[in-house]
Structure formats: structure tokens, C-alpha cells
Amino acid sequence: MQPMDIIIKNGNILTMAKKIEISDDSILCIKGDKIEYIGKNITNGISADKIIDAKGGIILPGLINGHTHAAMSLFRGLADDLPLMTWLSNYIFPVEARMDADFVHTGTQLACAEMIMSGTTTFCDMYLFEDEVAEAAYNAGMRCLVGEVLYDFPSPNYGSIENGFEYTENLIRKWANNPLVSIAVEPHSLFTCSPELLIAANEMALKYKVPLIIHVAETLSEIAEVKEKYGRRPFEHLDDLGILGPHLIADHCVHLDDMEIQRIAKNNVKTIDNPESNMKLASGISPVSKLMDNGIIVGLGTDGCASNNNLDLFTEMDTAAKLHKIETMNPTVLDSFTVLKMATIEGARALGMEDITGSLEIGKQADIIIVDTNKPHLTPMYNPYSHLVYSARGYDVSHSIINGRLVMEDRKLLTLDVDDIISRARKKSMQVMEWVR
């Protein structure tokens, strides 16, 4: 066997591939940006520039955060305990109107540091100044799918919606074929986007063969507003506009009736559950088990730090599993393996990235994390899937590898200066306090 770049040994490998495997006497080899070998430890004829000892920990695919507003890390704790529309109208939108590119870049760096250090290797983002998000993520070594938020009112970034579409088109062209950054077209929601805007956004997504991402059916007030304006429920409205399809990623999907679930399934729409944000804003609980029973792909997201307060997908998995059990009054719903799939291979499928990430398979991009299980709260370990969902936390991740590049080693970030980012983030928070006075 040819020399490898990285070998990971002495760990329990969870592939999350179609063939369910837990290997405890195996090694994983990385050559360039891809997984070259997974199998029994070969004592002869193999070498590597870097050998990582997992020390009996869990080796698994990097987690995939299916819905974020990364730069909102700078709004963490700004306006807690408020209804969504009050939160948006009285705090978030007014503060966002004062932001600039540097603000978003700093906030995204802070988010990338938090995500890498808690096991996330891929995230999907919707926000303002998204070229800055793409740059920050690329320089941090993170995989991402990002898009500029589009809505009817003027944006603090691009101004009129015509400029917004031009900005989005430029993003698509600039980042085409990038190994880490992908672009989506991202209208904000049905209550902030006219039918004409939604149709134009859909046409652009189809033209460039990129995903279309939108918040849908998040709150009861949204349902009422859409019904009052258009006489239809959200997914009925999208269907009438000809927008439903396998390229659509619908975030939240909390308030759905059976007919809407059938529309989602029939059109192969992908969905992202954001349980902690939905709980904090009292938006409701997405019918995830019903979606899955109808064959609908469901990924997992944290939403932004302003409505969640952290980007830790381990706590999000724990919440998702327990919340949907109590919502259905069924302890077997969303078992730990199913929830871990939501944060790995199903998350990749939701973002259209299943061919490159989300599972550990030969030929896939090397997006890998190691969880250190030599800790009291992770001892003993009977079932690694259960441990990861119910016991582990982001701070248990010891190593992160993205696209074959080691970005965190023994809890030390290698691509970002955390102290500098924290210092700049604190300065930005002082600006925010001035804005809300």
C-alpha cells in the first residue's frame, strides 16, 4: 500500500454507511482529501506522515449542521425569551440593518471555531454578506453550503432585490467548483418574499442547478399570514407557484397538515429540523416521525445563536431524540441511531452532499471527527450510538479533519486564532449594545 497522509488507529469506527458497521480493531487511512482505506489494522507495508491514536475513542463522520445563521453568534443572548415576530421585528432586523461585512466575517469566524470544536465539519448558512461567510469558512477549512438571504425590503448588504439576485449570481460564479464552498439561492420566507421573488429565486436555482433554501411553516402566525394573503397553506402556496421539487430545502417545517406532508413527499423536498430553536421561540414541534414515515429526508440544524445560544449538534441530537419521544408519547421514536443519521448521512442527503460526505466510505472526502470516551460521563459504553446522542457533548471531540486536513488536534484549533477571534467578537458586542439602546 502506498504511503498515507494520515492514519487513525485504536478507535471504534462508526461508518454511518448503508452497511452498518462498528469496527474496534481497524484503522482509517487518508490520502490527499479522501478516505483511502478502512479495515483491519495492517502491521506491515503501511506508513503515514501523521498517525493519530484515537485512544479507544469513537471515530465517525463529521457532523452536518443543516441550518445556521453563523454570524448571529455575535447576537448570542441579545434578546432572549421573546416570541419570534417580536424578536425579529424589534431586535434582530433593526440590529442587522447596522451590520457590515467585517461584522459578519468576525461572527462567522466565531461560529466556525465553535462548530469545529464541537464536531461539526459542514454547515448550511443563510444570512447577509454571505461572501464573507464563504471566505471565513473556507479559511477555517470548513465545508459549507451558503446563500445570501433575499427578501422584499432593502438589504443592508445589497439594497434592492434586483441587486440581491445579482449578488447571488456572482456568488455562484465565484465559488463554482470550490472544494469546500457551495452556493444556494435563499429567499427568507413566504411572509417576507412576494410570489414574484420566490418564482425568480426558483428559476435561478434551477438555472444553475443549486439548492433553493427557505424557512417554511415555522410559526402559527406565519401560517395565518400566508393564508390571509394567498388563501393557501405554505406548502400549498409553494406548490401553486411551481417551486416544490428535490432541489428545495425547507427549514423548520413545524406546522404541517397531512396534505402538506404528502406534497413534501411527492416532490422529494428535503427538510431540516431545528428543535432547540423551535422550543426556545415556542414555535412548536416539527412532526419529524411523520415526515420520516413518509420517506422524507430530515436533517438536523441548530439555527442561529440568537435563537438557540449554541451551535453544538451533540446537544441538538439529545434534544431532538427526547423532544420527539414526548411529543408522540412513544419512547421508541427517533432512536439514537436514527438521530445520529440526521446529523451525518441524512444531513448530507438533505444538502445534496451524500456523495462526498456524511459517512466514512472509501473514496469519500475525509470529513472525520474523534470523540474522546475516556471520561466519567462516557463510561461504561455499551452502545456507541446511544453514547453519542445521549451522553456526549461537543467538548468531547478531540480531533476534527475536514477534506483530509487536520483542523483540530487534541482540542487545539489549527486553522483559527481563537483568542484573537474572541477579542474581536467582544468588541463587536459593544457595538451591538450601542445599536439596541
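Below is a short write-up of the structure. (Residues numbered from 1 in each chain as written. Predicted model: local features only at pLDDT ≥ 70, side-chain atom pairs only at ≥ 80, totals over all residues. Heavy atoms only, no water.)

Another aspect to go through is the overall build of the protein. The helix and strand inventory of the protein stands at 15 helices and 18 strands. In terms of overall size, the protein behaves like a compact globule, its C-alpha atoms giving a radius of gyration of 21 Å where 437 residues would be expected to give roughly 22 Å. C-alpha extents for the protein along the principal axes are approximately 70 × 45 × 40 Å. Across the 437 residues of the protein, 60% fall into the buried class. In the protein, 73% of the contacts between residues at least 6 apart in sequence involve partners at least 24 apart. Accessible surface, the protein: about 17,000 Å² in total, of which carbon and sulfur atoms supply 50%. Considering the protein, the positive charge centre built from 39 side chains and the negative charge centre built from 60 side chains are found 4 Å apart. (Helix = DSSP H or I, 4+ residues; strand = E, 2+ residues; numbered from the N terminus. Rg over C-alpha atoms; globule rule 2.2 N^0.38 Å. Buried < 20%, exposed > 50% of the residue type's maximum accessible area, 1.4 Å probe, protein only. Contact = heavy atoms within 4.5 Å. Areas by Shrake-Rupley, 256 points an atom, 1.4 Å probe, with all protein chains shown as cover. Lys, Arg positive; Asp, Glu negative; His and termini not counted. Charge placed at Lys NZ, Arg CZ, Asp CG, Glu CD.)

Attention now moves to the packing of aromatic side chains. Following the criterion strictly, the structure yields 7 aromatic pairs and no others. Look at tyrosine 151 and phenylalanine 153: their rings are 4.1 Å apart centre to centre, the planes differ by 20°, and that puts the pair in the stacked class. Here the aromatic cluster, defined as three or more aromatic residues joined through ring pairs, consists of Phe75, Phe103 and Trp435. (Phe/Tyr/Trp six-rings, centres within 6.5 Å; stacked < 30°, edge-to-face > 60°.)

Viewed as axis vectors pointing N to C, helix α3 (residues 130–140) and helix α4 (residues 161–174) meet at an angle of 25°, and their least axial separation amounts to 10 Å. For the element pair α3 / α4, the angle class is roughly parallel. Counted together, Glu130, Asp131 and Glu135 of α3 and Tyr167, Leu171 and Lys174 of α4 form the full contact between these two elements. Across the contact of α3 with α4, the residue classes break down as 2 nonpolar, no polar and 4 charged. (Axes fitted to C-alpha atoms, helices over the stretch in contact; angles between N-to-C directions. Parallel < 35°, antiparallel > 145°, perpendicular 65-115°, else oblique. Nonpolar A, V, L, I, M, F, W, Y, C, P; charged D, E, K, R; others polar.)

Along helix α6 (residues 220–230), the positions that sit buried rather than exposed are Glu222, Ile223, Val226 and Tyr230. Down the axis of α6, the smallest arc covering the buried residues is 100°, so these residues share one side. Exposed side of α6, more than 90 degrees from the buried face: Leu220 and Glu228 are the residues found there. As for α6, its buried residues are in contact with α5 (195–208), β11 (212–216) and α7 (234–240). A positive phi of about 70° marks glycine 231, the residue just after α6. (Arc of directions from axis to C-beta.)

Quick look at the nonpolar core now. Core analysis: the largest hydrophobic core is formed by 127 residues, its most contacted members being Phe75, Phe235 and Leu340. The element that contributes the greatest number of residues to this core is helix α2 (residues 101–117), accounting for 8 residues. By size, the runner-up hydrophobic cluster in this structure holds 15 residues, among which are Ile35, Ile59, Leu360 and Ile370. (Core = buried A, V, L, I, M, F, W, Y, C linked by side-chain atoms within 4.5 Å.)

With that settled, the discussion passes to the pairing of β11. Of all the 5 residues making up β11, 5 are buried; the element is thus mostly covered by neighbouring parts of the structure. Here β11 shows two buried faces, one formed by Leu212, Ile214 and Val216 and the other by Ile213 and His215. Sheet topology places β11 next to strand β12 (residues 248–252); 5 bridges connect them, and they run parallel. Paired with leucine 212 across the two strands is leucine 248, which belongs to β12. (Pairing = 2+ DSSP bridges.)

This part covers the state of the cysteines. The term disulfide refers to a covalent linkage connecting the sulfur atoms of a pair of cysteines. For the coordinates displayed, the defined rule picks out 0 disulfides. Cysteine 112 supplies the cysteine sulfur nearest to cysteine 144, a cysteine that is in no disulfide, at a spacing of 7.5 Å. (Disulfide = S-S within 2.5 Å.)

Let's shift gears to the pattern of salt bridges. Going through the model one piece at a time under the given rule, you end up with 22 salt bridges. Notably, a salt bridge pairs glutamate 169 with lysine 207, separated by 3.6 Å at the nearest N-O pair. Highlighted residues: glutamate 169 in helix α4 and lysine 207 in helix α5, separated in sequence by 38 residues. Exposure remark for lysine 207: the relative accessible area of 58% places this residue in the exposed category. Among the salt bridges present, the one from aspartate 318 reaches arginine 393, with a minimum N-O distance of 3.3 Å. You can see aspartate 318 sitting in helix α11 (residues 313–328) and its partner arginine 393 sitting in the loop between α14 (384–391) and β16 (397–402), a full 75 residues away along the chain. Judged on exposure class, the residue aspartate 318 and its partner arginine 393 are both buried. Via salt bridges that share partners, Asp131, Glu135 and Lys174 belong to a single interconnected network. (Salt bridge = Lys/Arg side-chain N within 4 Å of Asp/Glu carboxyl O.)

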